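Here are the chains, one letter per residue:
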Amino acid sequence: MAPPLLSFTLSLPPFLRPTRTSNPTPIRSSSMDPHSHSPPKRVVVCGGGVIGVCTAYFLAKNGAVVTLVEKSSVACAASGKAGGFLALDWCDGGPLESLARASFNLHRTLAAELDGPESYGYRPLNTLSLTVTESQTSKAHSGKSDLPGWVDGPGRSPRTIGTTATTAQVHPRLFCRTLISKAVEVYGVKVVIGKVEEVGVVEGRVDSVVLEGGRVIKSDAVVLALGPWCGKFEILSSLFRVYGLKAHSIVLRPKEPEAITPHALFLSYYSAQGGKPLDPEVYPRPTGEVYICGMSSEAEVPDNPEEIVGNPESIETLKRVASNVSSHLREGEAEVKAEQACFLPCTDDGPPVIGELPGIKGCYVATGHNCWGILNGPATGAAMAELVLDGQASIVDLSRFSPARFVGPRKKGLGH
């Protein structure tokens, strides 16, 4: 029996209302002497995705005066169209292990602080892998299967790869907007809709951010969290490459959403046409919707995130996947709520880039999180806040993510 469905509303977020005339007293960072009369650090965060929002939140919570600049709207791109899947230990043994573990636990803390189950669909869930072979003659599994009842297509070889102790989910757009609303209302973050043209640097130190149209925002530090759009920013592209992996997704609402239990599915999907198996993913949400994603390939990132559209063939493939996974997700049994695509920011050597740019004091970057952006947003934001305000991060060691890795001999072979 599935849990009761939750109801979420996307009302006008506070950062689109008139600017507040006064800010609450900020929480001071460990680096800020309460007896000091020096003004708080002014930081401009560029990018309104999960990395930028988390960074702005933790910076402001720890005493900085923060302006977040976003070209379109908060969570309008990958951070609003992602699956929102969280895993404690799936990155173990690789460079992301400490970041992912810290962030998974921070997601739990934030969910408790911000009423995550109600405000943005945070919940632990079980995760299964299974094989689905597309065929005209495939029969639904019998009731003796180890699969949940709603997964009644030709699925086989189910295996548990995550439990409620190790995997969870959020609704990514609601998570980002809940966090930025809190940052605006409680910690005084200002959100500016505009395009960043350049970072002002005076004598090797950040001085300001210049927006399209000429507006100048004076700052002591800037954080460039522009996702795949970092690749269009010369101050970054001259040092390393960030490219976009175009991923597709659909959102369905079945007629009987209460029948869909909280089980995330990772598929090895064999098409009737043959070829290599696809690896789509299926995420039921407590809103009663089911999110299905896959069909990724490198593509040119458009200037405007609002211009991103999915490839019709990829969308149709995902619909076919849905119908073969469950009769509840077939055409006529489920309403199509969204057909979409987004760009995941990727680096040539794999790990994200998180740290201060060599040679420019006060200029920081946080990008390249690939498919783990929603998972690793909180720890990236918290670590970035510590780095900007304290000079080093304590929540996680950022040295392996530093942009300095692209300077000198280590840069060789990275596709420049």
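Structure first, text after, so check above.
Enquirer: Explanation requested: the side chain of His369 in the structure shown.
Expert: Structurally, His369 can be placed in the loop between strand E19 (363-367) and helix H8 (373-390). Reaching out from His369, the side chain makes a polar contact with the side chain of Thr380 at a distance of 3.1 Å.

Enquirer: Where do I start with the packing of aromatic side chains in this structure?
Expert: Under the definition given, this model contains 11 aromatic pairs. Measuring from ring centre to ring centre gives 5.0 Å for Phe85 and Trp90, while their planes differ by 55 degrees; the resulting arrangement is tilted. Relative accessible area serves as the criterion here: at 9%, Phe85 is assigned to the buried category. With centroids separated by 6.0 Å and ring planes inclined at 25 degrees, the aromatic side chains of Tyr283 and Tyr291 adopt a geometry described as stacked. Relative accessible area serves as the criterion here: at 4%, Tyr283 is assigned to the buried category. Grouped by ring-pair contacts, the aromatic residues Phe85, Trp90, Phe266, Tyr283, Tyr291 and Trp372 constitute a single cluster.

Enquirer: Is there a simple way to explain the sheet that holds strand E11 (residues 216-218) in this structure?
Expert: Neighbouring strands of a sheet are bound in pairs by backbone hydrogen bonds; such pairs are parallel or else antiparallel. The three strands lie next to each other as E9-E10-E11, forming an open sheet whose pairing is antiparallel. Edge positions in the sheet fall to strand E9 (196-202) and E11, since each of these pairs with one other strand and no more. Ignoring which end each strand starts from, the neighbouring axes of this sheet average 25 degrees apart. Bridge count between strand E10 (residues 205-211) and E11: three bridges; the pairing is antiparallel. Of the residues in E11, the one forming a bridge with Val210 is Val216.

Enquirer: Looking at this structure, I do not really get the state of the cysteines. What am I missing?
Expert: With the rule as written, the count across this model stands at zero disulfides. The thiol of Cys230 is unpaired, and the distance to the nearest cysteine sulfur, on Cys46, comes to 9.1 Å. The thiol sulfur of Cys346 is not disulfide-bonded, and the nearest other cysteine sulfur, from Cys371, lies at 8.0 Å. Of the residues examined, Cys346 reaches a relative accessible area of 1% and is grouped as buried.

Enquirer: In this structure, what is going on with the environment of Ile193? I would like to understand it.
Expert: Within the element layout of this structure, Ile193 appears in strand E8 (residues 190-193). Put simply, Ile193 and Glu70 are 123 residues apart on the chain and 5.1 Å apart in space, counted from C-alpha to C-alpha. If sequence neighbours within four positions are ignored, Ile193 has contacts with Glu70, Lys71, Ser72 and Ser73.

Enquirer: Please clarify how the nonpolar core should be interpreted in this entry.
Expert: Side chains of a nonpolar character, in soluble globular proteins, are inclined to be buried together. Ranked by internal contacts, the top residues of the largest apolar core, which has 73 residues, are Leu59, Tyr120, Phe175, Ile180, Val189 and Val388. Top element by residues in this core is H8. It accounts for 10 residues. Among the nonpolar cores identified, the runner-up in size contains 32 residues, and Val206, Leu211, Val222 and Ala341 belong to it.

Enquirer: Can you help me understand the side chain of Thr367 in this one?
Expert: Secondary-structure assignment places Thr367 in strand E19. Thr367 gets classed as buried once you look at its relative accessible area, which sits at 1%. A polar contact of 2.9 Å, which involves the side chain of Thr367, links it to the backbone oxygen of Gly227. Not counting chain neighbours up to four residues away, the residues in contact with Thr367 comprise Gly227, Cys230, Phe240, Val242, Pro345, Pro352 and Val353.

Enquirer: Even after reading the chapter, I still don't get unusual backbone geometry, so can you show me in this structure?
Expert: Apart from glycine, the bulk of residues carry a negative phi angle, and the bulk of peptide bonds sit in the trans form. Positive phi is not limited to glycine here, since Ala75 has a value of about 60 degrees. Tracing the sequence through the fold places Ala75 in the loop between strand E2 (65-70) and helix H2 (78-81). For Ala75, a relative accessible area of 1% corresponds to the buried category. A positive phi angle, near 50 degrees, is found at Glu203, a position not held by glycine.

Enquirer: Explain the pairing of E19 here, please?
Expert: Along any regular strand the residues' side chains alternate between the sheet's two faces. Extensive coverage of E19 is indicated by the burial of five of its five residues. Taking every second residue as pointing to the same face, both faces of E19 are buried, with Cys363, Val365 and Thr367 on one and Tyr364 and Ala366 on the other. Judged from the three bridges that link them, strand E12 (residues 221-224) and E19 form a sheet pairing that is parallel. Considered in E19, the bridge of Val223 is made with Tyr364. Pairing analysis gives four bridges linking strand E18 (residues 353-356) to E19, with the strands arranged antiparallel. Bridge pairing in E19 places Ile354 opposite Ala366.

Enquirer: What is the right way to look at the sheet that holds E12 in this model?
Expert: Taking strand neighbours across the sheet as the criterion, the six strands line up as E8-E2-E1-E12-E19-E18 in an open arrangement whose pairing is mixed. The outermost strands of the open sheet, each flanked by one partner alone, are E8 and E18. On average, adjacent strands in this sheet sit at an angle of 20 degrees to one another, irrespective of strand direction.

Enquirer: What is the right way to read the pattern of salt bridges from this model?
Expert: Side chains bearing opposite charge may pair, as long as their charged atoms lie close to each other. All told, the structure shown has 13 salt bridges when counted by the stated rule. In this structure, Arg241 engages Glu298 in a salt bridge whose closest nitrogen and oxygen atoms are separated by 3.3 Å. Note that Arg241 is positioned in the loop between helix H6 (234-237) and strand E13 (242-254) and Glu298 in strand E16 (residues 290-298), a separation of 57 residues in sequence. Here Arg241 falls in the partly exposed class, since its relative accessible area comes to 33%. One salt bridge in this structure joins Glu356 and Lys361, with 3.7 Å as the shortest N-O distance. Accessibility expressed as a relative area gives 42% for Lys361, which makes it partly exposed. One network of salt bridges, in which partners are shared, links Lys232, Glu300 and Asp303.

Parameters at a glance
- Residues numbered from 1 in each chain as written.
- Predicted model: local features only at pLDDT ≥ 70, side-chain atom pairs only at ≥ 80, totals over all residues.
- Heavy atoms only, no water.
- Helix = DSSP H or I, 4+ residues; strand = E, 2+ residues; numbered from the N terminus.
- Polar contact = N/O pair within 3.5 Å; in protein donor to acceptor, adjacent residues only side chain to side chain.
- Phe/Tyr/Trp six-rings, centres within 6.5 Å; stacked < 30°, edge-to-face > 60°.
- Buried < 20%, exposed > 50% of the residue type's maximum accessible area, 1.4 Å probe, protein only.
- Pairing = 2+ DSSP bridges.
- Axes fitted to C-alpha atoms, helices over the stretch in contact; angles between N-to-C directions.
- Disulfide = S-S within 2.5 Å.
- Contact = heavy atoms within 4.5 Å.
- Core = buried A, V, L, I, M, F, W, Y, C linked by side-chain atoms within 4.5 Å.
- Salt bridge = Lys/Arg side-chain N within 4 Å of Asp/Glu carboxyl O.

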